[in-house]
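Summary of the model geometry
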Amino acid sequence: MASIFRKPNSPFWFAAYRDVDGQRRQKTTKTKNRGQAIDMARAWERLGESGRKGTLTEAVARSVVAQLVEQATGSPLHFYTCRAWLEEWLVGKVGTTSAGTLTRYRQVIADFMTFLGPRADLGLAAISPTDVRAFRDHLSAGKRAPSTVNLQIKKVLNVPFAAASKFGFIPLNPCAAVESLRVRDSEGRENFSEEQIRQLVMAAEGDWQGAVLAGYYTGLRLGDVANLNWEAVDLQNGLLRLKTTKTGAAVTMPLHEELKRWLCRQNHRTAKAPVFPTLADKRSGGAGGLSAQFAKLLQRASITRKELRSGEGAGHRTSNLSFHSLRHSFVSALANAGVAPDVRRKLSGHADERIHARYSHHEIEIMRAAVAKVPNVRA
């Protein structure tokens, strides 16, 4: 039977109880409150009894500790398994992030849970950098590109674990200690020629035609183009304003007249409506993803591309020509038109709001004139 007592010259109550080996133990409760001391002594007694009976589990221990903390502070102590925390975190992201980003979060977390197996149901603090590193290597072995693996670990999985660390549910974020894979330069990558872009525009229909024009005349990435909404389009002033997905930077781009004409021909709906409704909120990878759709567009345009990387396993194919090549073609067109390097950097680097706010009207007009030098590609 557990009991409490005081020792001379100590302001705290001591507990007497039997441990898992049946030995009588004496331990300070570090509390002056008699009721709390009794509760702690009884809890330690219960843990010892469970240990002797072989019924002591992590769940039992968590329950006992949680009861003690709630009795002492009046507030419940949150213990999460890895699975429970990640599922709760995902629920909290609904309505606070884009559909495409939420889909990416869900897929990576589902893959991580599958990889962990039974370990997914251990306490959140049991997940170590070793687990995350092994998951990283598992993804790499599945033929995913290093840049893709790094994104899944550092930009996706890291986020819920960083939040758990911030809330005090775990002492350290296990993703923070895992190094990114080395990403090699994209050897063999090519730009589209002016003629190839004309072929693409002629072969494209509907939203894809506008997306190709947007990619070529702004240098924006596929995800940013696909999820563009009318709120970002200022036709009156000939500007495009949006926040990029990759960096989160607020950017402003002058609209090329060719792109502006295409946009003016579209049906303008509410500000939040997508400019390219058939492309919006679609994933990039996968058999029916945006990248695969663009590859089919290349075929219709009779543009041959070379495979730089095998698509075996879970990895995607990497080729010398992709939607991202339009970004490089944009920069190349600026250079060929004699646009000064500093202006090219401003346009291709997509300066953020704070920098743009310091641009004079003259500087903005210089950027507008630079974009106008990019050749028209529509017949």
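Quick note: structure is the one above.
Everything quoted here is computed from the prediction, not taken from an experiment.

1. Some points on the pairing of strand S6 (residues 250-254)
Within S6, five of the five residues are buried, which leaves it mostly tucked inside the rest of the structure. Where strand S5 (residues 239-243) meets S6, five bridges bridge the pair, whose relative direction is antiparallel. Across the sheet, Lys 243 pairs through a bridge with Ala 250, a residue of S6.

2. Quick word on the pattern of salt bridges
Following the criterion strictly, the structure yields eleven salt bridges and no others. A salt bridge links Glu 49 to Lys 53, with the nearest nitrogen and oxygen atoms 3.0 Å apart. On the criterion of helical spacing, the pair formed by Glu 49 and Lys 53 is a turn pair, its members being four residues apart in helix H1 (residues 34-53). The class of Glu 49 is partly exposed, set by a relative accessible area of 35%. The exposure class of Lys 53 is exposed, given its relative accessible area of 59%.

3. Digging into the nonpolar core
Phe 192, Leu 200, Trp 208, Leu 263, Phe 294 and Leu 347 are the most contacted members of the largest nonpolar core, which totals 55 residues. Sorting elements by how many residues they give to this core places helix H8 (residues 207-218) first, with seven residues. If sequence neighbours within four positions are ignored, Leu 263 has contacts with Trp 230, Val 233, Leu 235, Leu 255, His 268 and Val 275. Within the second largest apolar cluster, 29 residues are counted, among which are Cys 82, Val 108, Ile 109 and Ile 170.

4. Some remarks on the sheet that holds strand S2 (residues 13-18)
Pairing between the strands of a sheet comes from backbone hydrogen bonds, and it takes one of two forms, parallel or antiparallel. With respect to topology, three strands assemble into an open sheet ordered S1-S2-S3, the strand pairing being antiparallel. Sheet topology places strand S1 (3-6) and strand S3 (24-28) at the edges, where each strand pairs with a single neighbour. Put simply, the sheet's adjacent strands are angled 30° from each other on average, direction ignored. Pairing of S2 with S3 involves five bridges; the strand directions are antiparallel. Paired with Ala 15 across the strands is Lys 27, a residue of S3. Contacts between H1 and the sheet are confined to S1, S2 and S3, with S2 contributing the most and set at about 20° to the helix.

5. What about the packing of H8 against helix H10 (residues 257-264)?
Packing of H8 against H10 leaves a shortest axis separation of 9 Å and a crossing angle of 150°. Considering their axes alone, H8 and H10 lie roughly antiparallel with respect to each other. At the point where H8 passes H10, the crossing takes the left-handed sense. Counted together, Gln 209, Gly 210, Leu 213, Ala 214, Tyr 217 and Thr 218 of H8 and Glu 258, Leu 259 and Trp 262 of H10 form the full contact between these two elements. Across the contact of H8 with H10, the residue classes break down as five nonpolar, three polar and one charged.

6. Some thoughts on helix H6 (residues 146-166)
The end-to-end C-alpha distance of H6 is 28 Å, a good match for the 30 Å that 21 residues give at a rise of 1.5 Å each. Of all bends in H6, the biggest is about 50°, found at Asn 158, and the proline Pro 160 comes one to four residues later. Among the residues making up H6, those that are buried are Val 149, Asn 150, Gln 152, Ile 153, Val 156, Leu 157, Asn 158, Pro 160, Phe 161, Ala 163 and Ala 164. On the buried face of H6, the contacting elements are helix H3 (82-93), helix H4 (99-116) and helix H5 (129-141). A positive phi of about 85° marks Gly 168, the residue just after H6.

Conventions we followed
- Residues numbered from 1 in each chain as written.
- Predicted model: local features only at pLDDT ≥ 70, side-chain atom pairs only at ≥ 80, totals over all residues.
- Heavy atoms only, no water.
- Buried < 20%, exposed > 50% of the residue type's maximum accessible area, 1.4 Å probe, protein only.
- Helix = DSSP H or I, 4+ residues; strand = E, 2+ residues; numbered from the N terminus.
- Pairing = 2+ DSSP bridges.
- Salt bridge = Lys/Arg side-chain N within 4 Å of Asp/Glu carboxyl O.
- Core = buried A, V, L, I, M, F, W, Y, C linked by side-chain atoms within 4.5 Å.
- Contact = heavy atoms within 4.5 Å.
- Axes fitted to C-alpha atoms, helices over the stretch in contact; angles between N-to-C directions.
- Parallel < 35°, antiparallel > 145°, perpendicular 65-115°, else oblique.
- Left-handed = near helix turned anticlockwise from the far one by under 90°.
- Nonpolar A, V, L, I, M, F, W, Y, C, P; charged D, E, K, R; others polar.
- Expected span 1.5 Å × (residues − 1).
- Bend = angle between axes of the 7 residues up to and from the residue.

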